[in-house]
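# Residue-level structural notes
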Amino acid sequence: MVVLGAGPAGLVLGNLLQDSGIDCVILERAERAHVETRARAGFLAANTVRILEEHGLADGLRRRGQPHSTCEFRTADGRFRLEYSELGLGERHTVYPQQELVTDLLTRFLDVGGRVRFGTEAVAVHDTETDRPSVTVREADGRPGRWRARYVAGCDGRHGAARRSLPPGSVRRHHCDHGVTWLGLLAEAPPSLDAVGYAVHERGFAGHMARTSEITRYYVQCERGTPADAWSEDRIWDELDLRMRAKEYGPLHRGSVVQRAVVDLESDVLEPLRHGSLFLAGDAAALISPSAAKGANLAVLEASILAPALAADLVHGDSERLGAYSARCLEHIWRAQEFSHWMIGLLHGPPGASGPEGESLFHTALRRSRINSLRTSRSRQDWFAEHYVGV
Ligand code: APR
(Lines give C-alpha, C1' and ligand atoms only; values in the text may rest on other atoms or scores of the structure.)
Protein backbone atom coordinates (compact mmCIF):
# COMPACT_ATOMS: atom_id res chain seq x y z
CA MET A 1 0.00 0.00 0.00
CA VAL A 2 1.40 3.41 -0.93
CA VAL A 3 0.16 6.49 0.92
CA LEU A 4 1.00 9.94 -0.40
CA GLY A 5 1.49 12.61 2.26
CA ALA A 6 2.35 12.54 5.97
CA GLY A 7 -0.33 14.94 7.25
CA PRO A 8 -3.14 13.94 9.62
CA ALA A 9 -4.93 11.92 6.90
CA GLY A 10 -1.89 9.96 5.69
CA LEU A 11 -0.52 9.29 9.17
CA VAL A 12 -3.79 8.09 10.70
CA LEU A 13 -4.31 5.88 7.68
CA GLY A 14 -0.74 4.57 7.87
CA ASN A 15 -1.03 3.73 11.57
CA LEU A 16 -4.35 1.93 11.16
CA LEU A 17 -3.13 -0.05 8.15
CA GLN A 18 0.06 -1.00 9.93
CA ASP A 19 -2.04 -2.21 12.92
CA SER A 20 -4.02 -4.41 10.53
CA GLY A 21 -0.81 -5.99 9.32
CA ILE A 22 -0.82 -4.23 5.95
CA ASP A 23 2.59 -3.28 4.66
CA CYS A 24 2.53 0.42 3.97
CA VAL A 25 4.93 3.14 2.88
CA ILE A 26 4.24 6.87 3.15
CA LEU A 27 5.87 9.12 0.55
CA GLU A 28 6.28 12.66 1.86
CA ARG A 29 7.62 15.59 -0.11
CA ALA A 30 8.88 17.56 2.89
CA GLU A 31 11.61 16.73 5.37
CA ARG A 32 10.70 15.33 8.78
CA ALA A 33 11.56 18.51 10.70
CA HIS A 34 9.25 20.52 8.45
CA VAL A 35 6.34 18.12 8.89
CA GLU A 36 6.76 18.13 12.67
CA THR A 37 6.86 21.89 13.06
CA ARG A 38 4.30 23.10 10.50
CA ALA A 39 1.68 25.02 12.52
CA ARG A 40 -1.82 24.54 11.11
CA ALA A 41 -5.12 23.78 12.84
CA GLY A 42 -5.57 22.92 16.51
CA PHE A 43 -9.19 22.19 17.41
CA LEU A 44 -9.98 18.50 17.65
CA ALA A 45 -13.62 17.46 17.70
CA ALA A 46 -14.87 14.98 20.29
CA ASN A 47 -15.29 12.32 17.61
CA THR A 48 -11.72 12.84 16.41
CA VAL A 49 -10.42 12.28 19.94
CA ARG A 50 -12.60 9.15 20.19
CA ILE A 51 -11.14 7.76 16.97
CA LEU A 52 -7.58 8.48 18.05
CA GLU A 53 -8.19 6.98 21.50
CA GLU A 54 -9.76 3.86 20.05
CA HIS A 55 -6.59 3.22 18.08
CA GLY A 56 -4.10 4.08 20.81
CA LEU A 57 -3.08 7.33 19.10
CA ALA A 58 -4.16 9.77 21.79
CA ASP A 59 -1.43 9.59 24.46
CA GLY A 60 0.05 13.00 23.65
CA LEU A 61 -3.22 14.82 23.30
CA ARG A 62 -4.53 13.29 26.51
CA ARG A 63 -1.46 14.61 28.33
CA ARG A 64 -1.04 17.99 26.69
CA GLY A 65 -4.36 18.80 24.99
CA GLN A 66 -6.61 21.36 26.64
CA PRO A 67 -10.38 20.86 26.83
CA HIS A 68 -12.27 23.74 25.32
CA SER A 69 -15.97 24.43 25.30
CA THR A 70 -16.77 28.13 25.10
CA CYS A 71 -17.11 30.58 22.29
CA GLU A 72 -17.81 34.26 22.56
CA PHE A 73 -19.44 36.46 19.94
CA ARG A 74 -18.79 40.19 19.95
CA THR A 75 -20.98 42.46 17.87
CA ALA A 76 -22.29 46.01 17.88
CA ASP A 77 -25.20 44.68 19.97
CA GLY A 78 -22.92 43.49 22.75
CA ARG A 79 -21.28 40.15 23.49
CA PHE A 80 -22.55 36.73 24.48
CA ARG A 81 -21.03 33.36 25.24
CA LEU A 82 -22.11 29.87 24.32
CA GLU A 83 -20.96 27.12 26.65
CA TYR A 84 -21.32 24.51 23.98
CA SER A 85 -20.47 21.51 26.14
CA GLU A 86 -23.78 22.27 27.90
CA LEU A 87 -25.67 22.35 24.62
CA GLY A 88 -26.47 19.97 21.78
CA LEU A 89 -24.73 16.63 22.31
CA GLY A 90 -22.71 17.99 25.24
CA GLU A 91 -19.37 17.63 23.48
CA ARG A 92 -16.23 19.72 23.74
CA HIS A 93 -13.11 20.39 21.67
CA THR A 94 -9.58 19.46 22.62
CA VAL A 95 -7.06 22.13 21.70
CA TYR A 96 -3.91 20.40 20.51
CA PRO A 97 -1.67 22.02 17.90
CA GLN A 98 -1.70 20.00 14.70
CA GLN A 99 2.09 19.77 14.49
CA GLU A 100 2.11 18.00 17.85
CA LEU A 101 -0.53 15.54 16.70
CA VAL A 102 1.44 14.94 13.50
CA THR A 103 4.61 14.37 15.53
CA ASP A 104 2.82 11.83 17.77
CA LEU A 105 1.32 9.99 14.79
CA LEU A 106 4.63 9.91 12.95
CA THR A 107 6.57 8.64 15.96
CA ARG A 108 4.01 5.90 16.55
CA PHE A 109 3.98 4.89 12.87
CA LEU A 110 7.76 4.53 12.79
CA ASP A 111 7.76 2.70 16.15
CA VAL A 112 5.44 0.00 14.83
CA GLY A 113 7.59 -0.54 11.75
CA GLY A 114 5.98 1.86 9.27
CA ARG A 115 8.19 3.36 6.59
CA VAL A 116 8.20 7.04 5.60
CA ARG A 117 10.26 8.32 2.68
CA PHE A 118 10.82 11.99 3.45
CA GLY A 119 11.97 14.36 0.75
CA THR A 120 10.21 12.17 -1.81
CA GLU A 121 7.79 14.03 -4.02
CA ALA A 122 5.06 12.10 -5.82
CA VAL A 123 4.94 13.33 -9.40
CA ALA A 124 1.99 11.31 -10.73
CA VAL A 125 -0.14 8.26 -10.06
CA HIS A 126 -0.42 5.86 -13.02
CA ASP A 127 -2.55 2.90 -14.07
CA THR A 128 -5.29 3.67 -11.55
CA GLU A 129 -7.76 1.73 -13.69
CA THR A 130 -5.79 -1.45 -13.06
CA ASP A 131 -5.05 -3.39 -9.86
CA ARG A 132 -1.35 -2.55 -10.18
CA PRO A 133 -1.17 1.25 -9.95
CA SER A 134 2.18 2.98 -9.57
CA VAL A 135 3.49 6.31 -8.37
CA THR A 136 6.36 8.07 -10.06
CA VAL A 137 8.44 10.14 -7.67
CA ARG A 138 11.35 12.52 -7.45
CA GLU A 139 13.63 11.11 -4.75
CA ALA A 140 15.41 13.26 -2.20
CA ASP A 141 18.58 13.24 -4.36
CA GLY A 142 16.60 14.40 -7.40
CA ARG A 143 16.58 11.02 -9.13
CA PRO A 144 13.31 9.65 -10.52
CA GLY A 145 11.77 6.54 -8.97
CA ARG A 146 8.61 4.44 -9.10
CA TRP A 147 6.55 2.69 -6.42
CA ARG A 148 3.94 0.01 -7.13
CA ALA A 149 1.14 -1.23 -4.88
CA ARG A 150 -2.33 -2.77 -4.97
CA TYR A 151 -3.84 0.57 -3.87
CA VAL A 152 -2.68 4.16 -3.59
CA ALA A 153 -4.12 6.58 -1.03
CA GLY A 154 -3.85 10.24 -2.02
CA CYS A 155 -3.49 12.12 1.30
CA ASP A 156 -1.22 14.74 -0.23
CA GLY A 157 -3.43 17.78 0.09
CA ARG A 158 -5.13 20.06 -2.33
CA HIS A 159 -2.15 20.57 -4.64
CA GLY A 160 -0.83 17.04 -4.43
CA ALA A 161 -0.12 14.49 -7.14
CA ALA A 162 -3.26 12.42 -6.45
CA ARG A 163 -5.65 15.17 -7.50
CA ARG A 164 -3.50 16.07 -10.48
CA SER A 165 -3.46 12.47 -11.69
CA LEU A 166 -7.22 12.05 -11.96
CA PRO A 167 -8.09 11.66 -15.64
CA PRO A 168 -10.18 14.57 -16.94
CA GLY A 169 -13.89 13.88 -16.46
CA SER A 170 -13.34 11.00 -14.02
CA VAL A 171 -14.60 12.94 -10.99
CA ARG A 172 -16.92 15.87 -10.50
CA ARG A 173 -15.52 18.94 -8.79
CA HIS A 174 -17.74 21.13 -6.58
CA HIS A 175 -16.00 24.42 -6.04
CA CYS A 176 -17.12 27.49 -4.12
CA ASP A 177 -15.20 30.68 -3.57
CA HIS A 178 -16.87 32.25 -0.53
CA GLY A 179 -15.57 35.66 -1.55
CA VAL A 180 -13.96 36.28 1.83
CA THR A 181 -10.26 36.58 2.63
CA TRP A 182 -8.58 36.19 6.03
CA LEU A 183 -5.14 37.16 7.15
CA GLY A 184 -4.23 34.24 9.42
CA LEU A 185 -1.72 35.05 12.15
CA LEU A 186 0.19 33.17 14.77
CA ALA A 187 1.23 35.48 17.60
CA GLU A 188 3.71 34.88 20.37
CA ALA A 189 1.21 36.10 22.91
CA PRO A 190 -0.93 34.33 25.50
CA PRO A 191 -4.63 33.99 24.69
CA SER A 192 -6.61 37.10 25.56
CA LEU A 193 -9.85 35.35 26.43
CA ASP A 194 -10.74 31.92 27.72
CA ALA A 195 -12.97 31.30 24.72
CA VAL A 196 -12.84 31.21 20.95
CA GLY A 197 -13.63 34.80 20.05
CA TYR A 198 -15.67 35.72 16.98
CA ALA A 199 -15.95 39.44 16.35
CA VAL A 200 -18.46 40.68 13.80
CA HIS A 201 -17.60 44.26 12.96
CA GLU A 202 -18.47 46.73 10.22
CA ARG A 203 -14.77 46.72 9.25
CA GLY A 204 -14.86 42.95 8.87
CA PHE A 205 -14.48 39.78 10.88
CA ALA A 206 -11.79 39.10 13.50
CA GLY A 207 -11.21 35.81 15.30
CA HIS A 208 -9.24 34.67 18.34
CA MET A 209 -8.31 31.03 18.93
CA ALA A 210 -6.12 29.76 21.75
CA ARG A 211 -3.28 27.40 20.85
CA THR A 212 -0.99 27.19 23.90
CA SER A 213 -0.32 29.41 26.91
CA GLU A 214 2.25 31.32 24.80
CA ILE A 215 0.79 31.17 21.30
CA THR A 216 -2.52 32.46 19.97
CA ARG A 217 -4.01 32.28 16.51
CA TYR A 218 -5.82 35.32 15.18
CA TYR A 219 -7.70 35.87 11.96
CA VAL A 220 -8.55 39.24 10.54
CA GLN A 221 -10.63 39.69 7.42
CA CYS A 222 -8.90 41.70 4.72
CA GLU A 223 -9.46 42.75 1.13
CA ARG A 224 -8.98 40.04 -1.48
CA GLY A 225 -5.47 40.26 -2.94
CA THR A 226 -3.86 41.75 0.18
CA PRO A 227 -0.24 40.52 0.39
CA ALA A 228 0.50 38.69 3.66
CA ASP A 229 3.14 41.24 4.65
CA ALA A 230 1.07 44.33 3.76
CA TRP A 231 0.05 45.16 7.31
CA SER A 232 2.58 46.22 9.95
CA GLU A 233 2.35 44.50 13.33
CA ASP A 234 1.00 47.72 14.85
CA ARG A 235 -1.72 47.89 12.25
CA ILE A 236 -2.65 44.25 12.86
CA TRP A 237 -2.98 44.75 16.61
CA ASP A 238 -4.84 48.06 16.23
CA GLU A 239 -7.27 46.46 13.82
CA LEU A 240 -7.75 43.43 16.09
CA ASP A 241 -8.33 45.71 19.09
CA LEU A 242 -10.91 47.66 17.16
CA ARG A 243 -12.83 44.67 15.82
CA MET A 244 -12.60 42.66 19.05
CA ARG A 245 -13.87 45.84 20.78
CA ALA A 246 -10.96 45.94 23.21
CA LYS A 247 -12.12 49.33 24.56
CA GLU A 248 -15.27 47.73 25.93
CA TYR A 249 -14.07 44.24 26.74
CA GLY A 250 -10.40 44.63 27.61
CA PRO A 251 -7.17 44.86 25.64
CA LEU A 252 -5.61 41.96 23.75
CA HIS A 253 -2.23 40.61 24.86
CA ARG A 254 0.12 41.78 22.15
CA GLY A 255 3.19 39.89 20.99
CA SER A 256 5.24 39.39 17.87
CA VAL A 257 3.53 37.90 14.86
CA VAL A 258 5.60 34.81 14.08
CA GLN A 259 3.64 33.49 11.13
CA ARG A 260 1.18 35.02 8.70
CA ALA A 261 -0.67 33.76 5.65
CA VAL A 262 -3.51 35.02 3.52
CA VAL A 263 -6.36 32.53 3.14
CA ASP A 264 -9.12 32.92 0.56
CA LEU A 265 -12.09 31.04 2.02
CA GLU A 266 -12.86 28.29 -0.47
CA SER A 267 -14.51 24.91 -0.59
CA ASP A 268 -13.59 22.26 -3.10
CA VAL A 269 -15.12 18.79 -2.99
CA LEU A 270 -14.37 15.96 -5.40
CA GLU A 271 -16.93 13.28 -6.11
CA PRO A 272 -16.42 10.35 -5.99
CA LEU A 273 -13.38 10.06 -3.74
CA ARG A 274 -12.12 7.08 -5.66
CA HIS A 275 -10.83 6.43 -9.12
CA GLY A 276 -10.16 2.72 -9.59
CA SER A 277 -7.31 1.84 -7.26
CA LEU A 278 -6.67 5.44 -6.15
CA PHE A 279 -8.49 6.71 -3.03
CA LEU A 280 -8.54 10.31 -1.82
CA ALA A 281 -8.67 11.46 1.82
CA GLY A 282 -8.18 14.72 3.71
CA ASP A 283 -7.60 17.94 1.79
CA ALA A 284 -6.96 15.90 -1.37
CA ALA A 285 -10.58 14.75 -1.17
CA ALA A 286 -12.23 17.94 -0.04
CA LEU A 287 -11.07 21.36 0.95
CA ILE A 288 -13.16 23.16 3.55
CA SER A 289 -12.85 26.77 4.62
CA PRO A 290 -11.30 27.14 8.10
CA SER A 291 -14.36 28.98 9.45
CA ALA A 292 -15.46 26.02 11.59
CA ALA A 293 -12.10 24.23 12.04
CA LYS A 294 -13.28 21.06 10.32
CA GLY A 295 -10.39 20.26 7.95
CA ALA A 296 -8.15 18.15 10.17
CA ASN A 297 -11.16 16.48 11.81
CA LEU A 298 -12.55 15.38 8.47
CA ALA A 299 -9.09 14.12 7.48
CA VAL A 300 -8.92 11.87 10.56
CA LEU A 301 -12.48 10.65 10.09
CA GLU A 302 -11.95 9.76 6.42
CA ALA A 303 -8.73 7.90 7.21
CA SER A 304 -10.54 5.95 9.92
CA ILE A 305 -13.21 4.91 7.40
CA LEU A 306 -10.73 4.08 4.65
CA ALA A 307 -8.33 1.95 6.71
CA PRO A 308 -10.73 -0.85 7.75
CA ALA A 309 -12.26 -0.84 4.27
CA LEU A 310 -8.82 -1.40 2.73
CA ALA A 311 -8.02 -4.04 5.34
CA ALA A 312 -11.28 -5.91 4.63
CA ASP A 313 -10.37 -5.97 0.95
CA LEU A 314 -6.68 -6.77 1.26
CA VAL A 315 -6.91 -9.29 4.10
CA HIS A 316 -10.32 -10.91 3.55
CA GLY A 317 -11.04 -10.13 -0.09
CA ASP A 318 -14.21 -8.29 0.94
CA SER A 319 -14.53 -5.15 -1.19
CA GLU A 320 -17.98 -4.01 -0.05
CA ARG A 321 -16.79 -1.38 2.44
CA LEU A 322 -14.27 -0.05 -0.04
CA GLY A 323 -17.11 0.37 -2.52
CA ALA A 324 -19.03 2.41 0.06
CA TYR A 325 -16.04 4.57 1.12
CA SER A 326 -16.74 7.55 -1.08
CA ALA A 327 -20.46 7.83 -0.35
CA ARG A 328 -19.93 7.47 3.41
CA CYS A 329 -17.30 10.19 3.52
CA LEU A 330 -19.18 12.55 1.25
CA GLU A 331 -22.13 12.49 3.63
CA HIS A 332 -19.87 13.76 6.44
CA ILE A 333 -18.08 16.18 4.13
CA TRP A 334 -21.31 17.82 2.96
CA ARG A 335 -22.64 18.15 6.50
CA ALA A 336 -19.43 19.90 7.48
CA GLN A 337 -19.53 22.07 4.35
CA GLU A 338 -23.09 23.12 5.06
CA PHE A 339 -22.26 24.17 8.61
CA SER A 340 -19.07 25.90 7.58
CA HIS A 341 -20.96 27.82 4.89
CA TRP A 342 -23.55 28.87 7.47
CA MET A 343 -20.73 30.07 9.77
CA ILE A 344 -19.27 32.16 6.96
CA GLY A 345 -22.64 33.85 6.53
CA LEU A 346 -22.87 34.40 10.29
CA LEU A 347 -19.50 36.12 10.51
CA HIS A 348 -19.18 38.06 7.26
CA GLY A 349 -21.08 40.17 4.82
CA PRO A 350 -22.04 38.77 1.41
CA PRO A 351 -19.24 37.75 -1.01
CA GLY A 352 -17.01 40.61 -2.05
CA ALA A 353 -18.30 42.95 0.63
CA SER A 354 -16.04 44.19 3.36
CA GLY A 355 -16.95 47.31 5.21
CA PRO A 356 -20.32 49.03 5.27
CA GLU A 357 -20.07 50.46 1.71
CA GLY A 358 -19.83 46.95 0.28
CA GLU A 359 -22.69 45.50 2.22
CA SER A 360 -26.33 46.30 1.68
CA LEU A 361 -28.43 47.29 4.68
CA PHE A 362 -30.54 44.25 3.97
CA HIS A 363 -27.62 41.89 4.43
CA THR A 364 -26.41 43.68 7.54
CA ALA A 365 -29.85 43.35 9.12
CA LEU A 366 -30.10 39.71 8.09
CA ARG A 367 -26.78 38.86 9.69
CA ARG A 368 -27.74 40.72 12.84
CA SER A 369 -30.94 38.71 13.06
CA ARG A 370 -29.03 35.45 12.53
CA ILE A 371 -26.71 36.32 15.41
CA ASN A 372 -29.61 37.37 17.58
CA SER A 373 -31.40 34.09 17.12
CA LEU A 374 -28.18 32.32 18.12
CA ARG A 375 -28.08 34.55 21.20
CA THR A 376 -31.66 33.90 22.24
CA SER A 377 -32.97 30.61 20.85
CA ARG A 378 -32.08 27.47 22.78
CA SER A 379 -32.92 25.20 19.85
CA ARG A 380 -30.65 27.28 17.61
CA GLN A 381 -27.87 26.98 20.18
CA ASP A 382 -28.33 23.20 20.43
CA TRP A 383 -28.12 22.94 16.65
CA PHE A 384 -25.04 25.15 16.62
CA ALA A 385 -23.27 23.15 19.36
CA GLU A 386 -23.98 19.82 17.70
CA HIS A 387 -22.53 20.91 14.39
CA TYR A 388 -19.77 23.12 15.75
CA VAL A 389 -18.06 20.31 17.67
CA GLY A 390 -19.25 17.44 15.52
CA VAL A 391 -17.88 15.76 12.44
N1 APR B 1 4.23 14.15 -2.82
C2 APR B 1 4.39 13.78 -1.52
N3 APR B 1 3.89 14.48 -0.49
C4 APR B 1 3.18 15.58 -0.78
C5 APR B 1 2.95 16.03 -2.11
C6 APR B 1 3.52 15.25 -3.16
N7 APR B 1 3.35 15.58 -4.45
N8 APR B 1 2.20 17.14 -2.08
C9 APR B 1 1.96 17.39 -0.79
N10 APR B 1 2.54 16.47 0.02
C11 APR B 1 2.50 16.35 1.48
C12 APR B 1 2.62 17.67 2.21
O13 APR B 1 3.97 18.05 2.39
C14 APR B 1 1.91 17.35 3.53
O15 APR B 1 2.80 16.87 4.49
O16 APR B 1 1.22 15.86 1.83
C17 APR B 1 0.92 16.26 3.17
C18 APR B 1 -0.52 16.73 3.23
O19 APR B 1 -0.83 17.06 4.56
P20 APR B 1 -1.94 18.17 4.95
O21 APR B 1 -1.81 19.34 4.06
O22 APR B 1 -1.84 18.37 6.41
O23 APR B 1 -3.32 17.45 4.54
P24 APR B 1 -4.24 16.39 5.25
O25 APR B 1 -3.48 15.28 5.89
O26 APR B 1 -5.27 16.10 4.25
O27 APR B 1 -4.88 17.21 6.47
C28 APR B 1 -5.90 18.15 6.19
O29 APR B 1 -5.23 19.53 8.13
O30 APR B 1 -4.43 21.60 8.95
C31 APR B 1 -5.36 20.95 8.27
O32 APR B 1 -5.77 22.75 6.82
C33 APR B 1 -5.41 21.41 6.89
O34 APR B 1 -7.65 21.00 6.83
C35 APR B 1 -6.41 20.48 6.46
C36 APR B 1 -6.15 19.20 7.20
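Conventions and cut-offs
Residues numbered from 1 in each chain as written. Predicted model: local features only at pLDDT ≥ 70, side-chain atom pairs only at ≥ 80, totals over all residues. Heavy atoms only, no water. Phe/Tyr/Trp six-rings, centres within 6.5 Å; stacked < 30°, edge-to-face > 60°. Helix = DSSP H or I, 4+ residues; strand = E, 2+ residues; numbered from the N terminus. Lys NZ or Arg CZ within 6 Å of the ring centre and 35° of its normal. Near = heavy atom within 4 Å. Polar contact = N/O pair within 3.5 Å; in protein donor to acceptor, adjacent residues only side chain to side chain. Areas by Shrake-Rupley, 256 points an atom, 1.4 Å probe, with all protein chains shown as cover. Nonpolar A, V, L, I, M, F, W, Y, C, P; charged D, E, K, R; others polar. Domains from an automatic or database assignment. Contact = heavy atoms within 4.5 Å. Buried area = accessible area lost by both parts, 1.4 Å probe. Salt bridge = Lys/Arg side-chain N within 4 Å of Asp/Glu carboxyl O. 1 Å grid on protein atoms, 1.4 Å probe; cavity = no way out; pocket = protein on both sides within 12 Å on 5 of 7 lines; lining within 4 Å. Points joined across faces, edges and corners; volume = space filled by probe spheres on them.

On to the packing of aromatic side chains, then. Throughout the structure, instances matching the rule amount to 18 aromatic pairs. Both rings, one in Phe384 and one in Tyr388, keep their centres 4.8 Å apart while their planes meet at 20 degrees; by these two values the pair is stacked. In this pair, Phe384 and Tyr388 are both assigned in helix H12 (residues 378-389), four residues apart and thus about one turn of the helix distant. By way of ring pairs, the aromatic residues Phe73, Phe80, Tyr84, Trp182, Tyr198, Phe205, Tyr219, Phe339, Trp342, Trp383, Phe384 and Tyr388 are connected into one cluster. The ring of Trp383 has Arg380 lying over it, and the distance from NZ or CZ to the ring centre is 4.9 Å.

A word on the site of the ligand. Contacts to the ligand come from 25 residues, most closely from Glu28, Arg38, Gln98, Ala122 and Asp283. Between an oxygen atom of the ligand and a main-chain N or O atom of Ala9, the distance comes to 3.0 Å. Arg29 is positioned such that a nitrogen or oxygen atom in its backbone is 3.1 Å from a nitrogen atom of the ligand. Burial of the ligand by the protein chains amounts to 91% of its free accessible area of 720 Å². Of all the secondary-structure elements, those providing two or more residues to the shell around the ligand are helix H1 (8-19), strand S9 (121-126) and helix H9 (295-316). Per element, the largest residue contribution to the shell around the ligand is three residues, and it comes from H9. Of the residues that constitute the shell around the ligand, the class distribution is 10 nonpolar, eight polar and seven charged.

The next point concerns the domain arrangement of the protein chain. Taken domain by domain, the protein chain comprises domain 1 (2-69 + 88-174 + 266-342) and domain 2 (179-265 + 353-389). Between the C-alpha centres of domain 1 and domain 2 the distance comes to 29 Å. Across the boundary between the two partners, domain 1 contributes 24 residues, which contact 26 residues of domain 2. Between domain 1 and domain 2, a total of about 2,200 Å² is buried, with carbon and sulfur atoms accounting for 61% of that surface. Counting across the interface, domain 1 meets domain 2 through one salt bridge. The closest approach of N and O atoms between Arg335 and Glu386, which form a salt bridge, is 3.8 Å. Between domain 1 and domain 2 we count seven residue pairs in polar contact (both at pLDDT 80 or more) in total. The set of elements that each furnish at least two residues to the side of domain 1 that touches domain 2 consists of strand S7 (93-95) and helix H10 (320-347). Ranked by residues supplied to the side of domain 1 that touches domain 2, first place goes to H10 with four residues. Grouping the constituent residues of the side of domain 1 that touches domain 2 by class yields 11 nonpolar, six polar and seven charged.

Here we take up empty space enclosed by the protein. Scanning all chains against the criterion turns up four cavities of 30 Å³ or more. By volume, the largest cavity amounts to about 50 Å³. In terms of lining, the largest cavity is formed by Gly7, Pro8, Val35, Arg38, Arg40, Gln98 and Val102. Broken down by class, the residue content of the lining of the largest cavity amounts to three nonpolar, two polar and two charged.

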